[in-house]
Each structure stands twice: as C-alpha cells, then as structure tokens.
Amino acid sequence: MDTKKIRAKLLDLAVRGKLVSQDPADEPASVLLGRIREERTKLVREKKAKAPKGGESVIYLASDGSRYEKRGGGEPVCIDGEIPFEVPEGWEWARLGDVADVQLGKMLDKSKNSGTLKPYLRNANVQWGEFDLSDINEFRLADDEMPRFRLDYGDLLVCEGGVPGRCAIWNAPFAEMYYQKALHRLRCEPGYDVHYCAVVIEAFTLSHKLDHLMTGSGIKHLPASNLASALVPVPPLAEQRRIVAELDRLLALVDGVERDSADLGALRARARSKVLDLAVRGLLVPQDASDEPASALIARAAGERRALVKAGKAKAPKGGPSAIWRDPSDGAHYEKRGGGEPVRVEVPYDLPEGWAWARLLDLYSLNPKNDALDDAQAAFLPMAAIDDGFANSYHPINRPWREIRKGFTQFADGDIVFAKISPCFENGKYFIARDLPNGIGAGTTELYVLRSASNSLLAEYVFVYLESPLFVRGACKTFMGTVGQQRIKRDYIEDALVPVPPLAEQRRIVDRVEQALGLLTNL
C-alpha cells in the first residue's frame, strides 16, 4: 500500500470540498472574506497595517460563469486561467496574502547583525507537520527587530527553499523563538483556520500547484511575493474545521498503516539479512560428505586462471595466486601468495568441513575489458536502468559498441555487476549479465564488474555472498568521499575473502535462498 499517494489524495479531496459534505446553514465564505477586508481597512485607516499592494483584492463568480478579480478602483480582470479547479457552492477563491500575513524571515549576516543572541528556526528545523528542534542555532537581533521576527503560537512556517512549501504550525514549545530568511511566517486572519491553511499549502505543494510560483532552474525557491499571490480555496469557517477534523482522523489511520508497514519492512529486512548470513556460513543447508571439497574447486580454478594468463586473456592476481588453509595443529589460517612465505591471516569465522576461504579476485577478474567490433550492437546501462532491491534485473538500451567502449565500465554475459557508489550500493543495484546483444555491454563508471575465470563458483552463489552482511557491512566501512557520493574502496574488493562451499552445495544454497526470500517477499 502506497501511503504517500493515499495521503496526497486525501489532501487533494480536502481542498476540493470532497472530503466532507457541505452544510447550507454555514455562513458562506464570501461573508467571511468581506469581514476580513473590513477589518483590514479599519487597521489601515488606524495606521496599524499597510494597504495591500495594488489595492484590496475581490474575486467573484460572474453571471457569465467566469471568475474575475477586482483590485482597488481598477477594472475587473478574468482569472479563469489561474483557477486550478472548481469549488463547491458557498466557497470562494482568494489570494493567500489576503487571508494571511506572509512575511519572510531575517537575513543572516554576521557582519551587519547586532544586538542580543536569540534562538531561531531555519529550513532544516521545519518538516512536514512537525519541527526538528534537536539543533537550534542563534543569531543577533536588535530590539526593534524582535517583534517582527518573533514567532507566536499558531504561526504557520513555510520553507522558502530546500523543499519549498514544506510547512508546520508553531505550537510554542519554546518560550521565545524567531525565524530566518529561509522560512516564511504565515499569520492567518480570523476566519481562515491555520490548520486548514496548512492543509492547502501541503496539498498544493504535493500536487505541484505552487511550482509556477517558484524560481531557480536547479535549487528551487518560493519568494514571499509569489507565495502571497497564490490562489487558495476558502470554505466557510465551520466547514474548514470539519475538513481538518475529518482529515486528522483519516490521516491517523494512514499513519497507523504506514507504521505497520515500516515495522513489517524492518522485520522482512532483518529476516532477509539473517537468511543470507546463514547461507554464507554454511548453516542454511546441510553438508554432504560425498561433495567434492572446495579446496579441489579452488585448485582447479587456479589452474584455469594460469592458462588464461599464459594465453594473454586474463591478468594474474595482484601479488600472485593465493592459497589459504587452516593448520589443524594450531587452528589458525595461513595464506601463501606466489613464491612468498606463508603468513597467518585472520578470517571472519570458521567454515564447515569441505568449505574453504579464498580471495575473491583469485576467482574473479575485476573490471575486465571486452574485445568486440566497433559496429557490434551492445547493451548500455545508466545507473537508473538498473533495478534496486537486489532484484537482478535491468533495462538496457542498445548502442553501437564504438559509442560506449570508452569512458564507461564494460561487462559481458555471465559477469556479476554491482554499484560501487552510495546509496546505490546499499539499495542493491546488482545484476548478473545475461542475454546481452552480442554478449557485451557497458554502463556507468560507478559500477564494479566481476568476471569468472572458471566454473568453480556459481555466479548466483557469489551474488548471494555479495548481498550478504559479510560483504555489505565490510564494504560500507570503507566508504570514502562526501556523503551521497561515497564509494567502496578498490582495496576492499582486492582483499575480500569469500567463503567457498563445494559446487553441489552452492546449488543447494542458491535454491534455498531463493525459496526463503520468495516467502519473505510474499509476507
């Protein structure tokens, strides 16, 4: 169940007047808006408020069925092109700035700001419907600035940038709080319920009805004047309150479903991780003493690799071929590389009888190259074309090899491919290449490719290993680079130890993992 879509739909129904029924006995919104204009006119006359720019706005439905806006002494202008949808009888449209005071926060400028240090809210503190108050900063305010930028109970704060339109109502958990320029403060007029106003802002943000008011080609901003000009639906006040009450009731049910889904998702993720962990420890299926031991597979793979190296079709493992064994006299593991002396090595855990540890890159080549004609058709894969969730699926685009053979990561049928950059790696953008055009392909440079030199390991078993906690947790510890652009160090791949079962057991493990993960998916 997509609770985000359900939430967006409920908000949309709320602002269209389709969530609760209308009551003919309610005072119509036109009377409410008239009262707001009268009160503002009085405040302007008493010099307690400024007159609206361009004059007072009045929006009405004319006898020709169109909506018109009249400002001050000007001529009415048809605004049908601005009206996003029709509203029920008794509702009206108004500019947001006519039903709420919209004010941008204080500019942060250490060189100019002076006065007393005061706490303030910034964009990061305002989330949807709530505040993150774990990290509150301070700025300096002069005495004459404090009344303007001080928050009152019931003020609606709206993000100007970041996620423009994200909003929450201030319920004054702090005795004193101010706000800076990344936020707008909306103070609703009597008769326009702040909770209903928040519903409108969220509904319009999620349905992109404020997008035309935003500026910037990359990072979007929502200027105060543009926000104030937004057309908003105005129901009768009694209906506003009924809408908010019904929406709160329904969204509480949606939140409950979302929590249950999150709990189930977390349980499914833990169970999945456990299945994979048991698989690579030799604890998921029983061992069979008649299976050819892994040591024989590894020795055969080493011979096949030597033959390929001699033929110029593969590179020798870095540091020379590796052999790892457990010495029964002391229970320790030792490794011998090339013509070097054996050295003691630490392994993640002990393996069952018949299994053995091996260096991943003794069994696989990392990021190999393809040999193909320039005119040959090949698969091209940007990162977005690789499904996440360890789904082992992808959606290639066919390209001539000459267009993609340079500047991209190459792969071929049978190769195991996985993302090396966060969060694509943790999100499980992995696949085993199959049925590529002419057996070849290339993709984003943010991929690692493993190519087998022998049949000693099933690609599907190695896929299980690569998505297991043993490999994933170790890889995440090596991340380097800025957050959101972190990559697995190549050294980690070069040093990675893989637990190798007998070939027959690899097949049993893969079958059992597929069965178990299938059951978890259907929970």
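Preceding this paragraph is the structure being described.
Starting afresh in each chain, residues are numbered from 1 along the sequence in its written order. Only residues with pLDDT of 70 or above have their local features reported here, since the model is predicted, and side-chain atom pairs are shown and tallied only from 80 upward, although totals for entire chains, interfaces and linings are computed over all residues. In computing side-chain properties, one takes all heavy atoms of the structure into account and sets aside hydrogens as well as water.

Student: Help me out: how do you make sense of the overall build of the protein in this one?
Tutor: In terms of helices and strands, the protein carries 14 helices and 27 strands. The C-alpha atoms of the protein give a radius of gyration of 32 Å, which is well past the 24 Å a tight globule of 523 residues would have. Seen along its three principal axes, the alpha-carbon backbone of the protein occupies a region of about 95 × 55 × 45 Å. Contacts spanning at least 24 positions in sequence make up 73% of the contacts within the protein whose residues lie at least 6 apart. Total accessible area on the protein stands at roughly 26700 Å², and carbon and sulfur atoms take up 52% of it. A run of H or I in DSSP becomes a helix once it reaches four residues, and a run of E becomes a strand once it reaches two; helices and strands are each numbered from the N terminus. Here the globule rule is a power law, 2.2 Å times the number of residues to the power 0.38, and the radius of gyration is based on C-alpha atoms. The criterion used for residue contact is that any of the two residues' heavy atoms lie within 4.5 Å. Surface exposure here means Shrake-Rupley accessible area, sampled with a 1.4 Å probe, where a residue is shielded only by the protein chains that are shown.

Student: Is there a simple way to explain helix α2 (residues 29-45) in this structure?
Tutor: Each turn of an α-helix holds 3.6 residues, which means side chains three or four residues apart point in the same direction. For α2, built from 17 residues, the straight-helix expectation of 24 Å at 1.5 Å per residue is met to within 8% by its first-to-last C-alpha distance of 24 Å. Exposure classes here rest on a 1.4 Å probe applied to the protein chains alone. A residue is buried below 20% of its type maximum, exposed above 50%, and partly exposed in between. Along α2, the positions that sit buried rather than exposed are A29, L32, L33, G34, I36 and R40. Where α2 ends, the next residue or the one after it, K47, has phi of about 60°, a positive value. Expected span, for any helix, means 1.5 Å times one less than how many residues it has.

Student: Teacher, can you tell me more about the nonpolar core here?
Tutor: Generally speaking, a soluble globular protein has its nonpolar side chains buried in company with each other. Buried residues of nine kinds, namely Ala, Val, Leu, Ile, Met, Phe, Trp, Tyr and Cys, make up a nonpolar core once their side-chain atoms join them within 4.5 Å. In this structure, F418, F471 and I493 are the most contacted members of the largest nonpolar core, which totals 56 residues. It is helix α11 (residues 459-466) that contributes the most residues to this core, seven residues altogether. Dropping the residues within four chain positions of it, I493 is found in contact with L360, L361, L366, F418, Y448, F471 and I488.

Student: Would you explain the sheet that holds strand β21 (residues 397-400) in this entry?
Tutor: The strands making up a sheet associate through hydrogen bonds between their backbones, and the pairing can be parallel or antiparallel. The rule for pairing is simple: two strands pair if DSSP sees at least two bridges between them. Across the sheet, four strands lie side by side as β21-β20-β25-β22; this open sheet has mixed pairing. A strand with exactly one partner marks an edge of an open sheet, and here the two such strands are β21 and β22 (409-412). Along the sheet, successive strands turn relative to each other by an average axial angle of 35°, direction set aside. Note on definitions: angles span 0 to 180 degrees between N-to-C directions of axes, and those axes are lines fitted to C-alpha atoms, for helices only across the stretch in contact.

Student: Looking at this structure, how should I read empty space enclosed by the protein?
Tutor: Rolled over the atoms, a probe as big as a water molecule pinpoints where empty space is left. Definitions used throughout: a 1 Å grid over protein atoms alone; a cavity as a set of points that fits a 1.4 Å probe which cannot get out; a pocket as an open set with protein on both sides within 12 Å along at least five of seven lines; a lining residue as one with an atom within 4 Å of a point. Grid points are joined across faces, edges and corners, and a volume is the space filled by probe spheres set on the points. What the rule picks out here adds up to one cavity of 30 Å³ or more. Looking at the largest cavity, its volume works out to about 60 Å³. What lines the largest cavity is L33, I36, R37, R40, E56, S57, V58, I59, W93, A94, R95 and D98. When residues of the lining of the largest cavity are traced back to their parent elements, those giving at least two are α2, β1 (57-61) and β4 (92-95). If you tally residues by element for the lining of the largest cavity, the top one is α2, at four residues. Taken together, the residues of the lining of the largest cavity break down into six nonpolar, one polar and five charged. Residue classes follow a fixed rule: Ala, Val, Leu, Ile, Met, Phe, Trp, Tyr, Cys and Pro count as nonpolar, while Asp, Glu, Lys and Arg count as charged, and any other residue, Gly among them, counts as polar.

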